[in-house]
Amino acid sequence: MQKPTHKKLVTRCPFCTGQLLISRLACDTCDTRIDSELPVPPFFKLPPDLQDFVLIFLRCQGKIRDVEKELGISYPTVCKRLALVNELLGNQSAPRDTKQILEELERGEITASEASQLLKQKSSNPS
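Owing to the predicted nature of the structure, the values given are computational and were not obtained by experimental measurement.

Novice: Before we go on, may I ask you to explain the environment of Gly18 in this structure?
Specialist: With respect to the helices and strands, Gly18 occurs in the segment before β1 (21–26). Under the relative-accessibility criterion, Gly18 is labelled partly exposed at 23%. Sequence separation between Gly18 and Ser124 is 106 residues, and the spatial gap between their C-alpha atoms is 9.9 Å. Here Gly18 is in contact with Thr11, Arg12 and Cys13, once residues within four sequence places are set aside.

Shown next as structure tokens:
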């Protein structure tokens, strides 16, 4: 059985890598159109695997042991992913340096897409 594909919200310009904005909303009932400039919500800037993780965490009502069982990962891995989500959402005060990110990737504590997201964030917001 094939896993359903999810469409990914693009948050960076494919030409210059600048931040994209949501500029048009439309009602599928009455065909109303609203043109405006709205930022992409932070949740949608997370890599798809972390978006799925957050949804599972919420479905488990924040019970780390239930998240462990559902995803088949260890307690420390759940905690690391929570810390990563917080860091990517800007909720953590001490961001990791490049060496720490690469070491966590090497140990399998974070995925390549998560490491990539962290490194991109570091390069756009140098400390």
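Novice: In this structure, what is going on with the nonpolar core? I would like to understand it.
Specialist: The tendency in soluble globular proteins is for nonpolar side chains to be buried side by side. Leu50 and Val67 are the most contacted members of the largest nonpolar core, which totals 18 residues. Those elements giving two or more residues to this core turn out to be α1 (48–59), α2 (64–71), α3 (75–88) and α5 (112–124). The leading source of residues in this core is α1, at 5 residues.

Novice: Any chance you could explain the packing of α1 against α3 here in plain terms?
Specialist: For any two helices packed against each other, one specifies the crossing angle of their axes together with the interaxial distance. Put simply, α1 and α3 touch, their axes get as near as 11 Å, and they point 115° apart. Comparing their axes, α3 and α1 come out roughly perpendicular. Crossing handedness for the pair α1 and α3: left-handed. Here Leu50, Phe53, Val54 and Phe57 of α1 lie close against α3, whose contacting residues are Val78, Arg81, Leu82, Leu84, Val85 and Leu88.

Novice: Where do I start with a nonpolar patch on the surface in this structure?
Specialist: Together, Leu25, Ile34 and Leu38 make up an exposed nonpolar region whose accessible area comes to about 240 Å². Here Ile34 shows up in strand β2 (residues 33–39). Judged by relative accessible area, Ile34 falls into the partly exposed class, the value being 45%.

Cut-offs applied
Residues numbered from 1 in each chain as written. Predicted model: local features only at pLDDT ≥ 70, side-chain atom pairs only at ≥ 80, totals over all residues. Heavy atoms only, no water. Helix = DSSP H or I, 4+ residues; strand = E, 2+ residues; numbered from the N terminus. Buried < 20%, exposed > 50% of the residue type's maximum accessible area, 1.4 Å probe, protein only. Contact = heavy atoms within 4.5 Å. Core = buried A, V, L, I, M, F, W, Y, C linked by side-chain atoms within 4.5 Å. Axes fitted to C-alpha atoms, helices over the stretch in contact; angles between N-to-C directions. Parallel < 35°, antiparallel > 145°, perpendicular 65-115°, else oblique. Left-handed = near helix turned anticlockwise from the far one by under 90°. Patch = residues over 30% accessible without salt bridge, like charges linked within 9 Å, V, L, I, M, F, W, Y side chains within 5 Å. Areas by Shrake-Rupley, 256 points an atom, 1.4 Å probe, with all protein chains shown as cover. Salt bridge = Lys/Arg side-chain N within 4 Å of Asp/Glu carboxyl O.

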